[in-house]
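Observations on the three-dimensional arrangement
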Amino acid sequence: MDEYLERMYKNSKRHFYNKIEDHITNNKKMFIITANPETLMIAKKNELLNKILLSNIPIIVADGIGIIKAGKMLKMNFKERIPGIEIAIKLLDYSNKYSKRVYFFGATEEVMSGFVKKVQEMYPNIVITGAKNGYDNDKEKTFEEIINISPDIIFLGLGVPKQELLISEYYHKFNKGIFIGVGGTFDVLSGRKKRAPKMFIELNMEWLYRLFKEPWRFKRFF
């Protein structure tokens, strides 16, 4: 696992957000992977994801407290945890601030519709170039459409490793764009699911709250 940890972003949340803003305002490309221990465990068994994590293309940030703990055990100086949902919100903030064009791909049709409605209400300056549910059978065709649209930011909520593999496959075909796999973020921001209470977030125990709410995850967490 140490080879993954060595590749990961270790600076502060504020520094990372400044980096994102610079890429957005200057139309630079960026592939963001928000990783928790499960992501790394999947990569050990998935050759393609393993190759992606060890390449110099994505910026990998520590979404899970387990990664921060492991980094400290290996004397790696991670400044802090950077939750994927907070990165997604920051990207929406910047998109609204700079009137950027975005594309949303993932979740169910019901969740996506609710999410889009929330975005339109809260971020009136964002230009939504497309919003498609993740149950589309021809994801490759969808990505070809996204290439032609050329949005500034692309959110994929297809789960690990599908979202990362799809981004990696088509990343080289884009001249610009911030790409991020957001997992279940659409569900939370649409209001369909609740994020953990502030106390759990501050104590880095969001995983425990999710386990309470979704006990079927126990085996995966273990």
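Rules of the game
- Residues numbered from 1 in each chain as written.
- Predicted model: local features only at pLDDT ≥ 70, side-chain atom pairs only at ≥ 80, totals over all residues.
- Heavy atoms only, no water.
- 1 Å grid on protein atoms, 1.4 Å probe; cavity = no way out; pocket = protein on both sides within 12 Å on 5 of 7 lines; lining within 4 Å.
- Points joined across faces, edges and corners; volume = space filled by probe spheres on them.
- Helix = DSSP H or I, 4+ residues; strand = E, 2+ residues; numbered from the N terminus.
- Nonpolar A, V, L, I, M, F, W, Y, C, P; charged D, E, K, R; others polar.
- Salt bridge = Lys/Arg side-chain N within 4 Å of Asp/Glu carboxyl O.
- Buried < 20%, exposed > 50% of the residue type's maximum accessible area, 1.4 Å probe, protein only.
- Arc of directions from axis to C-beta.
- Contact = heavy atoms within 4.5 Å.
- Pairing = 2+ DSSP bridges.
- Axes fitted to C-alpha atoms, helices over the stretch in contact; angles between N-to-C directions.

**Side note on empty space enclosed by the protein**
- Overall, the coordinates contain 1 cavity of 30 Å³ or more when judged by the stated rule.
- One number sums up the size of the largest cavity: a volume of about 50 Å³.
- In terms of lining residues, the largest cavity is bounded by His23, Ile24, Asn27, Lys28, Asp152, Ile153, Lys176, Gly177 and Ile178.
- The set of elements that each furnish at least two residues to the lining of the largest cavity consists of helix 2 (13-25) and strand 6 (177-181).
- Partitioning the lining of the largest cavity into residue classes produces 3 nonpolar, 3 polar and 3 charged.

**Some words on the pattern of salt bridges**
- In this structure the tally under the stated criterion is 8 salt bridges.
- Linking Glu21 and Lys97 is a salt bridge whose minimum nitrogen-to-oxygen distance equals 3.1 Å. Taken together, the positions of Glu21 in helix 2 and Lys97 in helix 6 (residues 84-97) put the pair 76 residues apart, joining distant regions of the chain.
- Assessed through its relative accessible area of 16%, Glu21 is described here as buried.
- Ionic pairing is found between Lys132 and Glu145, a salt bridge with its closest N-O pair at 3.4 Å. Here the residue Lys132 occupies a position in strand 4 (residues 127-132), and Glu145 occupies one in helix 8 (residues 139-149), the gap between them amounting to 13 residues.

**Notes on helix 8**
- All of the buried residues in helix 8 are Lys139, Thr142, Phe143, Ile146 and Ile147. For helix 8, the arc enclosing every buried residue in end-on projection is 150°, short of the 170-degree limit, so these residues lie on one face. Facing away from the buried side of helix 8, by more than 90 degrees, are the exposed residues Lys141 and Asn148.
- Close packing links the buried residues of helix 8 with strand 3 (101-106), strand 4, strand 5 (153-157) and helix 9 (162-170).

**Thoughts on the sheet that holds strand 3**
- Ordered by their spatial adjacency, 6 strands build an open sheet running 2-1-6-5-3-4, and the pairing between neighbours is parallel. Across the chains shown, the open sheet's two edge strands, defined by having one partner strand only, are strand 2 (59-62) and strand 4. Mean inter-strand twist for the sheet, computed between neighbouring axes without regard to direction, equals 15°.
- The pairing of strand 1 (residues 29-35) with strand 2 spans 4 bridges and is classified as parallel. Its bridge partner being in strand 2, Ala35 is matched across the sheet by Ala62.
- Where helix 2 meets the sheet, it contacts strand 1, strand 2, strand 5 and strand 6, and its direction lies at approximately 150° from that of strand 1.

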